[in-house]
Structures are given as structure tokens and as C-alpha cells.
Amino acid sequence: MRLLSWFLIALLAGCAQQPPEDDSLYLALGERPGIQRIVEGMLLNVARDQRIVEHFRKVDIVRLRDKLVEQLCVEAGGPCRYTGDSMAESHKGQNLTRSDFNALVEDLIDAMDAEGICVPNQNRLIARLAPMRGEVIEK
Ligand code: HEM
């Protein structure tokens, strides 16, 4: 029975998204100020992005900015706490598609380019966000 419990714990731990092992990505992104510049750059790109801008028309953009900064900080291994809603909750009913998801990732990549983040570090951040796709999109 005890063996079974350990097995289940190991299984659950394996499925859940683990925090990054170190803060090297957080440092590479320029810590919290750098992450804030990336998020703001991404949101400015979204504002010009006809593919997805409609989704953001009625949103409290300051709250969204703040929650995104917290979340990317956590995902990069920084000393932050995410205080926003779950991904499923915040995107429920928006009917988001794979194309919407890819468009947002492109806007994020352009923002990281503008901040001079090298491609390997861009890929590290995107790899942290990719597992959330299933909770964000509906089709
Ligand atoms: C990995 C991908 C994504 C991440 C990490 C993410 C993250 C977030 C976060 C942290 C929030 C704020 C939650 C809160 O207010 O507590 C949010 C809300 C929102 N997201 Fe996303 N998001 C993703 C994909 C997308 C996509 C693809 C779209 C649309 C193209 C989108 C549109 C929105 C909108 C419109 C809101 C505001 C909802 C509201 O305030 O009612 N998100 N997202």
C-alpha cells in the first residue's frame, strides 16, 4: 500500500508543470523590469494585430499586463507569485483557436526580438508556455 502511494505521488509530480530549476531565464530576460518591457511590447503588438485584437477590446489592460508579468516571471524562475485566475477560467468562452494561440506567440516573439533576447532564451520561455495551450484554446 505504501509503495502504491509513492507511485501515485511520483506520477502526479511528473504530470504537473514543475518550476524551472534555476533563475537563469529570469536573469536573461532582464528580471522583472525586462519582463514588463516584453509584456508591454507584446500587448502593443497585439493592439496592431488584426488577427486577434478583437479579443482584447473590452479587457482591463493594466490588470492583464500585471498578471502576465507575474506569470512570465514565475515561469522564468523568478521570485514572483502569480495571483491571477487560472488559464482555463480566464480564457473560457473566448473560443480561442490554435491560430489565435500562434498569433499571440508571434507577438511575444517580436517583443522579445525588440528587447534583444537571443533565440535560445526565447525558445526557453515559449517552451514554458506551450503546455498551457490545452487550457487556453477550445478548438
Ligand atoms: C500561453 C498562452 C497564454 C497565456 C500564458 C495567457 C495568460 C493570460 C493571463 C495571465 C491572463 C490574466 C488572468 C487574470 O485576469 O487573472 C489572461 C487573460 C486573457 N487572455 Fe490570455 N494567455 C494566453 C493565451 C491567450 C490567447 C491566445 C488569447 C487571445 C488571442 C488570450 C486572450 C486573453 C484575454 C482577452 C484575456 C482577458 C480576459 C478577461 O479579462 O476577461 N490569451 N491571459
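Residues numbered from 1 in each chain as written. Predicted model: local features only at pLDDT ≥ 70, side-chain atom pairs only at ≥ 80, totals over all residues. Heavy atoms only, no water.

Draft legend 1. The coordination of the iron atom of the ligand, seen in detail. A lone protein donor binds the iron atom of the ligand: H91 (NE2), at 2.0 Å. As for its placement among the helices and strands, H91 is situated in helix 5 (residues 87-91). (Donors = N, O, S within 2.8 Å, 3.2 Å for Na, K, Ca; no water. Helix = DSSP H or I, 4+ residues; strand = E, 2+ residues; numbered from the N terminus.)

Draft legend 2. The nonpolar core, seen in detail. By size, the foremost hydrophobic cluster in this structure holds 28 residues, and its most contacted members are L29, I35, I38, V39, L108, M112 and L125. Elements represented by at least two residues in this core include exactly helix 2 (24-28), helix 3 (31-47), helix 4 (61-75), helix 6 (98-114) and helix 7 (119-129). In contact with V39, not counting residues within four places along its chain, are R65, L68, V69 and L72. (Core = buried A, V, L, I, M, F, W, Y, C linked by side-chain atoms within 4.5 Å. Buried < 20%, exposed > 50% of the residue type's maximum accessible area, 1.4 Å probe, protein only. Contact = heavy atoms within 4.5 Å.)

Draft legend 3. Structural context of the side chain of R128. Along the chain, R128 falls in helix 7. Residues within four places of R128 in sequence aside, it is in contact with Q17, Q18, P19, P20 and E75.

Draft legend 4. Main features of the confidence of the model for the protein chain. When pLDDT is averaged along the protein chain, the result is 91; 88% of the residues meet or exceed 70. Below pLDDT 50 for its whole length, residues 7-15 participates in one contact with residues either more than four positions away or in separate chains. (pLDDT = per-residue confidence, 0-100.)

Draft legend 5. Region of the structure containing the environment of G77. Looking at where G77 falls in the secondary structure, it is placed in the loop between helix 4 and helix 5. G77 gets classed as partly exposed once you look at its relative accessible area, which sits at 23%. For the pair G77 and E31, spaced 46 residues apart in sequence, the C-alpha to C-alpha distance is 9.8 Å. Look past the residues within four positions of G77 in its chain and what remains in contact with it is P20, D22, D23 and Y26.

Draft legend 6. Spotlight on the layout of surface pockets. Computed from the structure, the largest pocket encloses a volume of approximately 800 Å³. As for the largest pocket, its lining consists of 29 residues, of which L64, L68, M87, H91 and L104 are closest to the centre. Of all the secondary structure elements, the ones that give two or more residues to the lining of the largest pocket are helix 3, helix 4, helix 5 and helix 6. Take the lining of the largest pocket: its biggest share by element is six residues, from helix 4. (1 Å grid on protein atoms, 1.4 Å probe; cavity = no way out; pocket = protein on both sides within 12 Å on 5 of 7 lines; lining within 4 Å. Points joined across faces, edges and corners; volume = space filled by probe spheres on them.)

Draft legend 7. Geometry of the pattern of salt bridges. Applying the stated criterion across every chain yields a total of nine salt bridges. When the shortest N-O distance is used, the salt bridge between E70 and K67 registers 3.9 Å. Placement of both E70 and K67 in helix 4 is noted, with a separation of three residues, approximately one turn of the helix. On the basis of relative accessible area, E70 is assigned to the buried category, the value being 11%. Between R128 and E75 there is a salt bridge; the shortest N-O distance is 3.1 Å. Here E75 lies in helix 4 and R128 lies in helix 7, a separation of 53 residues in the sequence. Connected through shared salt-bridge partners, E40, R65 and D66 make up one network. (Salt bridge = Lys/Arg side-chain N within 4 Å of Asp/Glu carboxyl O.)

Draft legend 8. Examining the site of the ligand more closely. Close to the ligand lie 23 residues; H55, R63, Q71, D85 and H91 are nearest. Interatomic distance of 2.7 Å between a backbone N/O atom of D85 and an oxygen atom of the ligand. Contact between the ligand and H91: a nitrogen atom at 2.9 Å from a side-chain N or O atom of the residue. Broken down by secondary-structure element, the contributors of at least two residues to the shell around the ligand are helix 4, helix 5 and helix 6. Per-element tally for the shell around the ligand: the top contributor is helix 4, with five residues. (Near = heavy atom within 4 Å. Polar contact = N/O pair within 3.5 Å; in protein donor to acceptor, adjacent residues only side chain to side chain.)

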